[in-house]
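Next come the chains, spelled out residue by residue.
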Amino acid sequence: MPLLIAPTNQQLTIKKIFVEDKLKKHLESLGISINSELRVIDNVNGNLIVIVKDVRLALDREIAGKILVA
């Protein structure tokens, strides 16, 4: 499922990321990569706040819709 509609406060694993290479490298530098785990802590109109490796990050709805999790 897209991260955009993922439930809050549940541990999720990233399965696919559908963004251009430059953005993908930036996300990887933040800890968002395939098989990494994250948790959505807030969803405000599709804009997400997630925890990845004990760090809070904000993702806009466009990026969150391109990250698939399970």
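Residues numbered from 1 in each chain as written. Predicted model: local features only at pLDDT ≥ 70, side-chain atom pairs only at ≥ 80, totals over all residues. Heavy atoms only, no water.

Concerning the nonpolar core
Here comes step 1: By size, the foremost hydrophobic cluster in this structure holds 19 residues, and its most contacted members are Leu3, Ile32, Val40, Val50, Leu59 and Ile67.
Here comes step 2: For this core, the elements supplying multiple residues, two or more each, are β1 (11–17), β2 (37–44), β3 (47–52), β4 (55–59), α2 (61–64) and β5 (67–69).
Here comes step 3: Residue contacts for Val50: discarding those within four places in its chain leaves Leu3, Arg39, Val40, Ile41, Val55, Arg56, Leu57 and Leu59. (Core = buried A, V, L, I, M, F, W, Y, C linked by side-chain atoms within 4.5 Å. Buried < 20%, exposed > 50% of the residue type's maximum accessible area, 1.4 Å probe, protein only. Helix = DSSP H or I, 4+ residues; strand = E, 2+ residues; numbered from the N terminus. Contact = heavy atoms within 4.5 Å.)

A word on the pairing of β3
Here comes step 1: Note that β2 and β3 share six bridges and pair antiparallel. Opposite Arg39, over in β3, you have Ile51 as the bridge partner.
Here comes step 2: What sits between the antiparallel neighbours β2 and β3 is a turn of two residues, in which Asn45 has the positive phi angle 55°.
Here comes step 3: Pairing between β3 and β4: five bridges, direction antiparallel. Across the sheet, the residue bridging to Val50 is Leu57, located in β4.
Here comes step 4: Count of turn residues in the β3/β4 antiparallel hairpin: two residues, of which Lys53 carries a positive phi of about 50°. (Pairing = 2+ DSSP bridges.)

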